[in-house]
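The residues making up each chain are set out below.
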Amino acid sequence: MRHATVRDDGAGDGLTRADRARRVAHVLRGQVLRGAFADGVLPDERALVAEFGTSRNTVREALGLLRDEGLVARRRGVGTVVVGRVYQHPLGELSGLAEVLQRHGTVVNEVREARSVRPPLTVARRLGLAEGTPAVYLERLRRVDGLPLSLDCTYLIREVGEPLLARGRETLERQDVFDLIERVAGAPLGRAEVSVQAVVADPATCAVLAMPEGGAVLAVERLTRLADGRPADLEFIHLRGDRLTLHATLDRATGATSGRGGGRSRGGHR
């Protein structure tokens, strides 16, 4: 496995060892998240020193940064190994998360709440609802191979939400909401507007996602519209930053965006 070479032997570059370690860690982190180490083992320190043109202490500090992030661990007799699975998800597709991830493991939805509510005014406005109009609220914890991956809080207009509630929690746990909206509610989906922000998770979210306090999550807000353009589904999703990466392919010439990965071209994080 060849690495992008970062030459930083320290001669006259004005950088501290911490700066050099950070640069090495950037490259290695990207490879870990892309699954570049097929056997799950990183090259040994001597190989990394030669590849990055730096000192052993710098390499050790870089590996220490990745250990602190929970991406790698040191195992006696083996070396530095990748710990935990990191899943890739296409950002430019409107498909269910389970559709994308099911080839990597078993995806389970735990329905924490499913009921009719009076949504906050800001949510009602996003969904095009008059103040005081009820909506359907779903809160789901998603696990992959038993490990928590995301906490999804979803508001649905009654037209698409109430038929889903009528199917019961078992159906909501076994099937993607997007698929249910189209099959059960008979409402074809059109497009979605998505924003993603990296934030420090609050203590309650950390507890639900079984992650250390102060851990980073990808906070995704997505408004999905029906084929006729009406807003139908507003989601607030917290994805573990150490378990999932978002990918898209961007075309400068056309301005087009396409997701990378599996699943049907209906994309997203459901």
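Parameters at a glance
- Residues numbered from 1 in each chain as written.
- Predicted model: local features only at pLDDT ≥ 70, side-chain atom pairs only at ≥ 80, totals over all residues.
- Heavy atoms only, no water.
- Helix = DSSP H or I, 4+ residues; strand = E, 2+ residues; numbered from the N terminus.
- Contact = heavy atoms within 4.5 Å.
- Phe/Tyr/Trp six-rings, centres within 6.5 Å; stacked < 30°, edge-to-face > 60°.
- Axes fitted to C-alpha atoms, helices over the stretch in contact; angles between N-to-C directions.
- Parallel < 35°, antiparallel > 145°, perpendicular 65-115°, else oblique.
- Left-handed = near helix turned anticlockwise from the far one by under 90°.
- Nonpolar A, V, L, I, M, F, W, Y, C, P; charged D, E, K, R; others polar.
- Salt bridge = Lys/Arg side-chain N within 4 Å of Asp/Glu carboxyl O.
- Buried < 20%, exposed > 50% of the residue type's maximum accessible area, 1.4 Å probe, protein only.
- Pairing = 2+ DSSP bridges.
- pLDDT = per-residue confidence, 0-100.

Peer 1: Is there a simple way to think about the overall build of the chain in this case?
Peer 2: Helix and strand counts for the chain stand at 9 helices and 11 strands. Sequence separation of at least 24 residues holds for 65% of the intrachain contacts in the chain that already meet a minimum separation of 6.

Peer 1: Help me out: how do you make sense of the packing of aromatic side chains in this one?
Peer 2: Given two aromatic rings, one states the distance between the centres and the angle between the planes to describe the pair. Applying the stated criterion to the full structure yields 2 aromatic pairs. A ring pair is formed by Tyr155 and Phe236, whose centres lie 6.4 Å apart and whose planes are at 85°; its orientation type is edge-to-face. Residue Tyr155 is found in strand β6 (residues 147–156), and its partner Phe236 is found in strand β9 (residues 231–240); the two are separated by 81 residues along the sequence. An aromatic cluster is built from Tyr137, Tyr155 and Phe236, whose rings are joined through pairwise contacts.

Peer 1: In this structure, what is going on with the packing of helix α1 (residues 17–34) against helix α3 (residues 56–68)? I would like to understand it.
Peer 2: A pair of packed helices can be characterised by two numbers: the angle between their axes and the separation between those axes. Where α1 contacts α3, the two axes come as close as 8 Å, and the packing angle between them is 55°. Relative to α3, the element α1 lies oblique. As α1 packs across α3, the resulting crossing turns out to be right-handed. Across from Arg17, Ala18, Arg20, Ala21, Arg22, Val24, Ala25, Leu28 and Arg29 in α1, the residues of α3 making contact are Asn57, Thr58, Glu61, Ala62, Leu63, Leu65 and Leu66. Each residue belonging to the contact of α1 with α3 can be placed in one class, and the counts come to 9 nonpolar, 2 polar and 5 charged.

Peer 1: Can you walk me through the pattern of salt bridges in this structure?
Peer 2: Opposite charge on two side chains permits them to pair, given that their charged atoms come into close proximity. Taken as a whole, this structure holds 18 salt bridges when the rule is applied. One salt bridge in this structure joins Glu159 and Arg230, with 2.8 Å as the shortest N-O distance. Here Arg230 lies in the loop between β8 (216–226) and β9 and Glu159 lies in helix α6 (residues 158–167), a separation of 71 residues in the sequence. When its relative accessible area of 35% is taken as the criterion, Arg230 is described as partly exposed. Ionic contacts of the salt-bridge type, sharing partners, join the residues Glu45, Arg56 and Arg60 into one network.

Peer 1: Explanation requested: unusual backbone geometry in the structure shown.
Peer 2: At Asp145, a residue that is not glycine, the phi angle is positive and equals roughly 55°. On the secondary structure map, Asp145 appears in the loop between β5 (135–144) and β6. Overall, Asp145 belongs to the partly exposed group, its relative accessible area being 42%. If you check the backbone angles, Ala210 has positive phi at about 55° while not being a glycine. Relative to the assigned elements, Ala210 resides in the loop between α9 (203–208) and β8. In this structure Ala210 comes out as exposed when scored by relative accessible area, which is 53%.

Peer 1: I would appreciate a short explanation of the sheet that holds β5 in the present structure.
Peer 2: Strand pairing in a sheet relies on backbone hydrogen bonds, with the paired strands running either antiparallel or parallel. With antiparallel pairing, 6 strands are arranged side by side in an open sheet as β4-β5-β6-β9-β8-β7. Each edge of the sheet is formed by a strand with only one pairing partner; in this case those strands are β4 (107–117) and β7 (189–200). Each adjacent strand pair in this sheet contributes to an overall mean axis angle of 15°, direction not counted. In this structure, β4 lies alongside β5, joined through 10 bridges in antiparallel fashion. Residue Ser116 lies in a different strand from β5, and its bridge partner there is Val136. Against the sheet, α6 contacts β4, β5, β6, β8 and β9, and its axis sits at roughly 60° relative to β5.

Peer 1: Just to check I follow, could you spell out the environment of Asp176 for this structure?
Peer 2: With respect to the secondary-structure elements, Asp176 resides in the loop between α7 (169–174) and α8 (177–183). With a relative accessible area of 9%, Asp176 lands in the buried category. Here the alpha-carbon distance between Asp176 and Asn109, two residues 67 residues apart in the chain, equals 8.9 Å.

Peer 1: Just to check I follow, could you spell out the confidence of the model for the chain for this structure?
Peer 2: Here the chain averages 83 in pLDDT, while 81% of its residues score no lower than 70. Every residue in residues 1–8 is under pLDDT 50, and counting partners more than four places away or in other chains gives 32 contacts.

Peer 1: Please clarify how the side chain of Glu235 should be interpreted in this entry.
Peer 2: Examined against the element boundaries, Glu235 turns out to sit in strand β9. The buried category is assigned to Glu235, whose relative accessible area is 0%.

Peer 1: Would you mind showing me how to read the pairing of β6 here?
Peer 2: The two faces of the sheet receive side chains in turn, since in a regular strand these alternate between them. By the criterion of burial, β6 is predominantly enclosed, with 9 of the 10 residues buried. In this structure, β5 lies alongside β6, joined through 9 bridges in antiparallel fashion. Each bridged residue has a counterpart across the sheet, and for Val144 the counterpart in β6 is Leu147. Hairpin remark: β5 followed by β6, antiparallel, with 2 residues in the connecting loop; positive phi at Asp145, about 55°. Bridge analysis of β6 against β9 gives 7 bridges, and the strand direction is antiparallel. Directly across from Cys153, in β9, lies its bridge partner Phe236.

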